[in-house]
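Overview (structure and organization)
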Amino acid sequence: MRRFLTAGLAAAVVAAIAASALAASGFFFPTKIALPNGFAPEGIAIRGLSFYVGSIPTGAIYRGNLVTGTGRVFVPPVEGRQAIGLDVRRGLLFAAGGPTGRAFVYDARTGADVAQLVLTEETTFVNDVVVTHDAAYFTDSLRQVLYRVPVGRHGSLGEPQEIPLTGDIEYIAGFNVNGIDATRDGSTLILVQSNTGKLFTADPETGVTSEIDLGGKALTAGDGILLDGSKLYVVRNQLNLIAVVRLAPDLSSGEVLREVTHPDFAVPTTVDEFLNRLYVVNARFGTDPSPEVEYWVTGLDKP
């Protein structure tokens, strides 16, 4: 998901300078970063040299270092919680709560609980989240809505609001809107609908959507997305692919430039970036998350 300029910009710049110096000296960032066995991960968020990965069944969150590849469980498991999509901003770590209908918010420095927000009491799957300059937006794969949580300048949180999705989008049976990102100014949201393979823009205030014309190409199994300038990276989970889409300046259309894979992909779900690299979580859906099952993050150069 897109990272925005924040009060923590200085720390991010220092991290980037340090990482660039390492790269110039011939250092190679790890291409495979181990997560705890049995963790069953899904979402990823990166801030500076730190990455956060959530556990679907337990709500735990792991924090690691992109340089060393080491880390620890940062937020412990809590019964009744889940962690699907993640985003981090203004010292807060936001987690989408899947079928719980909740959003969980943690202190990004300490892992302490900040808030548990009820988004809906309906049958739901709160799937992904992006934080703009003034709000966090959560997708729902079963209900044709977005959830907006106002975020103040100093990290204060407002009451959740439900925004119906209208316009071009139409929910059908199955998993609908999944990944979400936003333009740098936060004026436009971008959504992927997993079951139809369509991309949409959405007005963050009204929820009105417009389909992005892909020239007949469908990105089915679309999961996490990452907007990087004019490029949109779309993770296609069950297909073990990342589609690279070049968007028109007005976001009305896009061209699928290529689809890339990697030997370490094992049902990738979400993606984030640091410098010229992508980091992808491998959920290994279809594999029972027993204590012997390994999970990892794959790092690769941006295509």
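How each quantity is defined
Residues numbered from 1 in each chain as written. Predicted model: local features only at pLDDT ≥ 70, side-chain atom pairs only at ≥ 80, totals over all residues. Heavy atoms only, no water. Helix = DSSP H or I, 4+ residues; strand = E, 2+ residues; numbered from the N terminus. Buried < 20%, exposed > 50% of the residue type's maximum accessible area, 1.4 Å probe, protein only. Contact = heavy atoms within 4.5 Å. Areas by Shrake-Rupley, 256 points an atom, 1.4 Å probe, with all protein chains shown as cover. Lys, Arg positive; Asp, Glu negative; His and termini not counted. Charge placed at Lys NZ, Arg CZ, Asp CG, Glu CD. Polar contact = N/O pair within 3.5 Å; in protein donor to acceptor, adjacent residues only side chain to side chain. Pairing = 2+ DSSP bridges. Axes fitted to C-alpha atoms, helices over the stretch in contact; angles between N-to-C directions. pLDDT = per-residue confidence, 0-100. Salt bridge = Lys/Arg side-chain N within 4 Å of Asp/Glu carboxyl O. Phe/Tyr/Trp six-rings, centres within 6.5 Å; stacked < 30°, edge-to-face > 60°. Lys NZ or Arg CZ within 6 Å of the ring centre and 35° of its normal.

**Details of the overall build of the protein chain**
Looking only at helices and strands, the protein chain has one helix and 25 strands in total. Along the first, second and third principal axes, the C-alpha set of the protein chain runs to 50 × 40 × 40 Å. Buried residues in the protein chain amount to 57% of all 303 residues. For the protein chain, long-range pairs separated by at least 24 residues make up 49% of all intrachain contacts whose partners lie at least 6 apart in sequence. Accessible surface computed for the protein chain: about 12,000 Å², of which carbon and sulfur atoms make up 53%. For the protein chain, the distance from the average position of its 24 positive side-chain charges to the average position of its 32 negative side-chain charges is 7 Å.

**Thoughts on unusual backbone geometry**
In this model, A221 sits at a positive phi of 65°, which is unusual for a non-glycine residue. Residue N240 is not a glycine yet carries a positive backbone phi of 55°. Along the polypeptide, N240 turns up in the loop between β20 (231-236) and β21 (241-247). With relative accessibility at 24%, the residue N240 sits in the partly exposed group.

**Focus: the environment of N282**
Checked against the element boundaries, N282 lands in strand β24 (residues 277-282). A relative accessible area of 0% places N282 in the buried class. With sequence-adjacent residues up to four places away left out, N282 is seen in contact with P41, D264, F265, A266, V267, P268, Y295, W296, V297 and T298. Of note is the side chain of N282, whose polar atom sits 2.8 Å from the backbone nitrogen of A266. There is a polar contact of 2.9 Å between the side chain of N282 and the side chain of T298.

**Considering the sheet that holds strand β14 (residues 166-167)**
The strands making up a sheet associate through backbone hydrogen bonding, with each pair oriented either parallel or antiparallel. One open sheet accounts for five strands, arranged β14-β18-β17-β16-β15; its pairing is mixed. In the strand order of this sheet, the two ends are held by β14 and β15 (177-182), each with one partner. For strand β17 (residues 198-202) and strand β18 (residues 208-212), the ladder comprises four bridges, and the chain directions are antiparallel. For A202, the partnering residue across the bridge sits in β18 and is T209.

**Focus on the sheet that holds strand β10 (residues 126-131)**
Taken in spatial order, the four strands make up an open sheet running β10-β11-β12-β13, and their pairing is antiparallel. Of all strands in the sheet, those with a lone pairing partner are β10 and β13 (161-164), marking the two edges. Taking the axes of each pair of neighbouring strands and ignoring which way they run, one obtains an average angle of 25° across the sheet.

**With respect to the pairing of strand β2 (residues 41-47)**
Burial within β2 is extensive, with six of its seven residues counted as buried. The antiparallel hairpin formed by β2 and strand β3 (residues 50-55) contains two residues in its connecting segment, where G48 sits at a positive phi of about 60°.

**Description of the confidence of the model for the protein chain**
Scored by pLDDT, the protein chain has a mean of 93; 91% of the residues are at 70 or more. Across residues 2-9 the pLDDT falls below 50, and counting only partners more than four positions away or on other chains, this stretch makes 30 contacts in the model.

**Let's talk about the side chain of N176**
Along the polypeptide, N176 turns up in the loop between β14 and β15. Residue class for N176 comes out buried when judged on its relative accessible area of 1%. Polar contacts involving the side chain of N176 include one to the side chain of N195, which spans 3.2 Å. When sequence neighbours within four positions are dropped, the list of residues in contact with N176 reads S141, E170, Y171, V192, Q193, S194 and N195.

**Topic: the pairing of strand β5 (residues 71-75)**
Note: strand β4 (residues 61-65) against β5, four bridges, orientation antiparallel. By the bridge assignment, G64 is partnered in β5 with G71. Counting the residues between successive antiparallel strands, the hairpin from β4 to β5 contains five residues, one of them, G69, with a positive phi of roughly 75°.

**Notes on the pattern of salt bridges**
Here the structure, examined in full by the defined rule, presents 10 salt bridges. The salt bridge involving D113 is made with R81; its shortest N-O contact spans 2.8 Å. Placement of the pair is D113 in strand β9 (residues 113-118) and R81 in the loop between β5 and β6 (86-89), with a sequence separation of 32 residues. Across the salt bridge formed by E162 and R143, the nearest N and O atoms sit 3.0 Å from each other. Residue E162 is located in strand β13, and its partner R143 is located in the loop between β11 (135-140) and β12 (145-150); the two are separated by 19 residues in the primary sequence. A single network of salt bridges, built from pairs that share partners, joins D228, E273 and K302.

**Observations regarding the packing of aromatic side chains**
Going through the model one piece at a time under the given rule, you end up with five aromatic pairs. Between the aromatic rings of F39 and Y62, the centroid separation amounts to 6.3 Å while the plane-to-plane angle is 70°, which identifies the pairing as edge-to-face. Note that F39 is positioned in the loop between β1 (32-35) and β2 and Y62 in strand β4, a separation of 23 residues in sequence. Neither residue differs from the other here; F39 and Y62 are each classed as buried. The lysine or arginine in question, K32, covers the ring of W296, its NZ or CZ lying 4.3 Å from the ring centre.

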